[in-house]
Amino acid sequence: MSAERRSIPAAQPFMSGNEAKYVADCLETGWISSIGRYVSEFESVFAEFCGVRHAATCNNGTSALHLALLAMGVEAGDEVLVPTLTYIATANAVRYCGANPVFVDSEPTTMNLDPADIEHRITPRTRGIIAVHLYGHPAAMSQINGVARRHGLWVIEDAAEAHGARCDGRRTGALADVATFSFFGNKIVTTGEGGMVTTDDDEIDARVRLLRGQGMDTEHRYWFPVVGFNYRMTNIQAALGLAQLEMIDTQLTRRREIGEWYDEDLRRLGAAVTLPPHEPWADPVNWLYTVRLNSGGEAERDALMAALASTGVETRPVFYPVHTMPPYGGSNGEYPVAEDLAARGVSLPTHAALTRDDVAYVAEHLAGHLEDD
């Protein structure tokens with residue numbers, strides 16, 4: 001194995017376009033808050049990118065989920081189906097509405113919400129479903145939407161990790177009644193912090209825009225017909241986002257290439273690990289290249305992460321299932337697939353600054369650890 005020690009972060013932003021130019025323009029013109037041309041331009045270009053009529057910016061991805069749920073009319077006592085294998089914000093946003101997240105198990109290939117498990121979780125209180133595109137691979141939206149239609153439910157996409165991914169030829173953001181995105185610093189498109197809500201529905205978009213700005217009537221300044229929230233994105237953030245979106249094709253191509261490098265280097269491990277999925281109906285994006293150990297459990301996974309850290313390679317564990325968290329520990333039901341995936345999954349460094357040698361270094365040390373065990 002190579003004696004050279006490197007420092008390879010799990011994620012880092014890719015800033016190689018007009019970011020500095022657009023931010024400088026905000027500073028020079030004084031448009032630094034939530035009003036300015038970059039907000040509307042970012043929304044317009046992002047809507048076109050997703051293939052929808054509307055895109056509304058907000059201050060982060062969790063706020064985007066909260067706004068989407070409120071726009072769908074979620075109230076106290078309602079139930080919303082969510083995958084238990086997700087970042088906790090998906091469930092937290094449901095609780096913000098006074099509603100209850102009802103967890104759904106994962107399907108073992110993509111790690112996403114299992115359409116076959118949805119119907120077992122529906123009750124008379126169920127209002128809708130949040131489908132998360134975990135680690136950049138789309139959920140099975142045609143099946144999920146089919147279940148929703150049969151039961152009169154709406155569907156929200158949580159596309160925080162899947163900018164630009166496709167399902168049955170259509171991009172995320174256009175696959176459900178409404179979709180949400182995050183632009184946190186580790187996302188494919190980043191504004192530092194930020195979010196977006198996309199939809200083809202005029203009323204949903206209008207409701208989101210009303211609620212994100214303290215509930216102020218768009219036609220009557222300082223008149224507030226509802227209680228709203230301060231969830232607006234700044235013009236500076238939108239300037240970053242617009243510049244990032246101009247480079248999205250480069251980003252996606254680069255991440256696809258990085259995934260191919262990992263595939264090439266890790267296939268030799270054979271049955272030791274399961275590589276990321278790529279279903280025939282999907283065009284996933286490598287938000288984080290995530291593998292699963294095929295033997296052992298959480299202890300063995302954590303030992304692998306510690307070994308990689310000792311060589312300068314930063315990794316991430318797959319999210320803990322939300323039903324195991326203290327705030328949600330009273331949830332009923334069994335989720336064996338999600339628990340197994342979470343215990344054996346690890347995300348490797350995935351970002352556009354990686355070189356071919358970096359990927360080879362990560363793969364070499366990962367393989368060395370597994371082969372030494």
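See the structure printed just above.
Cut-offs used in this document
All chains use their own residue numbering, which begins from 1 and follows the written sequence. This being a predicted model, a pLDDT of at least 70 is required before a residue's local features are given, and a value of 80 or more before pairs of side-chain atoms are given or counted; all residues contribute to the totals for chains, interfaces and linings. Side-chain numbers come from the whole structure's heavy atoms, not from hydrogens or water. Secondary structure elements are defined from DSSP: runs of H or I of at least 4 residues count as helices, runs of E of at least 2 residues count as strands, and each element is numbered from the N terminus. By this rule, a helix spans an expected 1.5 Å times one less than how many residues it contains. For each residue, the accessible area found with a 1.4 Å probe, counting protein chains only, is set against the maximum for its type, and the residue is called buried under 20%, exposed over 50%, and partly exposed in between. Arc definition: it is the arc formed by the directions from the helix axis to the C-beta atoms. A contact between two residues is defined here by any heavy atoms of the two lying within 4.5 Å. By this definition, two strands are paired if DSSP reports at least two bridges between them. Helix axes use the C-alpha atoms of the stretch in contact, all axes being lines fitted to C-alpha atoms, and the angles between their N-to-C directions lie in the range 0 to 180 degrees. For this document, the term salt bridge refers to a Lys or Arg side-chain nitrogen within 4 Å of an Asp or Glu carboxyl oxygen. The residues that make up patches have over 30% relative accessible area and no salt bridge, and they are joined within 9 Å when like-charged or within 5 Å when they are Val, Leu, Ile, Met, Phe, Trp or Tyr. Here the open area of atoms and residues is found with the Shrake-Rupley method and a 1.4 Å probe, where only the protein chains shown may cover a residue. His is not counted, nor are the chain ends, whereas Lys and Arg count as positive and Asp and Glu as negative. Just so you know, the charge point we use is NZ for Lys, CZ for Arg, CG for Asp and CD for Glu.

J.: Can you walk me through helix α10 (residues 298-310) in this structure?
T.: One turn of an α-helix holds 3.6 residues; hence residues three or four places apart share an orientation. Between its first and last C-alpha atoms α10 spans 18 Å; for 13 residues at 1.5 Å apiece the expected length is 18 Å, and the two agree. Listed as buried for α10 are Arg-301, Leu-304, Met-305 and Leu-308. Along the long axis of α10, the arc covered by the buried residues comes to 95°, so they all point the same way. Residues of α10 that are exposed and angled more than 90 degrees away from the buried face: Ala-299 and Ser-310. Check the buried side of α10 and you find it contacts β12 (289-293), β13 (316-317), α11 (336-344), β14 (345-348) and α12 (356-372). Backbone geometry just downstream of α10 places Gly-312 in the positive-phi region, at approximately 90°.

J.: Teacher, can you tell me more about the sheet that holds strand β10 (residues 273-274) here?
T.: Sheet strands line up and pair through hydrogen bonds in the backbone, either parallel or antiparallel. Strand order in the open sheet formed by four strands is β10-β12-β14-β13, and the pairing between neighbours is antiparallel. Strands with a single pairing partner mark the edges of an open sheet, and in this sheet they are β10 and β13. In the packing of α10 onto the sheet, the strands contacted are β12, β13 and β14, and the crossing angle to β14 comes to about 20°. Seen against the sheet, α11 touches β12 and β14 and runs at an angle of roughly 45° to β14.

J.: I would appreciate a short explanation of the environment of Val-226 in the present structure.
T.: Relative to the assigned elements, Val-226 resides in the loop between α7 (202-212) and α8 (235-246). By relative accessible area, which is 26% here, Val-226 ends up partly exposed. On a C-alpha basis, the gap between Val-226 and Leu-211 in space is 7.8 Å, while along the polypeptide they are 15 residues apart. Those residues within four positions of Val-226 in sequence are excluded, and the remaining contacts are Arg-207, Leu-210, Leu-211, Gln-214 and Gly-215.

J.: Help me out: how do you make sense of α8 in this one?
T.: Across its 12 residues, α8 extends 16 Å between first and last C-alpha, which sits within 8% of the 16 Å expected from 1.5 Å per residue. Turning to α8, its buried residues are Asn-235, Gln-237, Ala-238, Ala-239, Leu-240, Gly-241, Leu-242, Ala-243, Gln-244 and Leu-245. Along its buried surface, α8 packs onto α1 (19-29), α2 (37-50) and α9 (248-266).

J.: What's the story with the pattern of salt bridges in this structure? I'm lost.
T.: Pairing between side chains of opposite charge can happen when their charged atoms approach one another. Evaluation of the coordinates by the stated rule reveals 18 salt bridges. Residue Arg-212 is joined to Glu-43 by a salt bridge in which the shortest nitrogen-to-oxygen separation is 2.9 Å. In this pair, Arg-212 sits in helix α7 while Glu-43 sits in helix α2, placing the two residues 169 residues apart along the sequence. Look at Arg-212 and you get buried, because its relative accessible area is 13%. The exposure class of Glu-43 is buried, given its relative accessible area of 7%. With a shortest N-O distance of 3.0 Å, Arg-121 and Asp-117 are connected by a salt bridge. Judged on exposure class, the residue Arg-121 and its partner Asp-117 are both buried. Connected through shared salt-bridge partners, Glu-43, Asp-205, Arg-209 and Arg-212 make up one network.

J.: Help me understand the sheet that holds strand β4 (residues 126-132) in this model?
T.: One open sheet holds the seven strands; their spatial order is β1-β9-β8-β5-β4-β2-β3, and the pairing between them is mixed. Looking at which strands have only one partner, the edges of the open sheet turn out to be β1 (54-58) and β3 (100-104). In this sheet, neighbouring strand axes are inclined to one another by 25° on average, regardless of whether the strands run parallel or antiparallel. Against the sheet, helix α6 (residues 141-151) makes contact with β4 and β5 (154-158), and its axis sits at roughly 150° relative to β5, the strand it touches most. Running at roughly 15° to β1, α7 makes contact with β1, β8 (178-182) and β9 (195-199) of the sheet.

J.: Help me understand the side chain of Thr-57 in this model?
T.: The residue Thr-57 is located in strand β1 in this model. Excluding residues that lie within four positions of it along the chain, Thr-57 makes contacts with Val-39, Phe-42, Glu-43, Gly-195, Met-196, Arg-212 and Met-233.

J.: For this particular structure, what's the right way to read a negative patch on the surface?
T.: Together, Asp-177, Asp-200, Asp-201 and Glu-203 line one region of the surface with negative charge. You can see Asp-177 is positioned in the loop between β7 (170-171) and β8.

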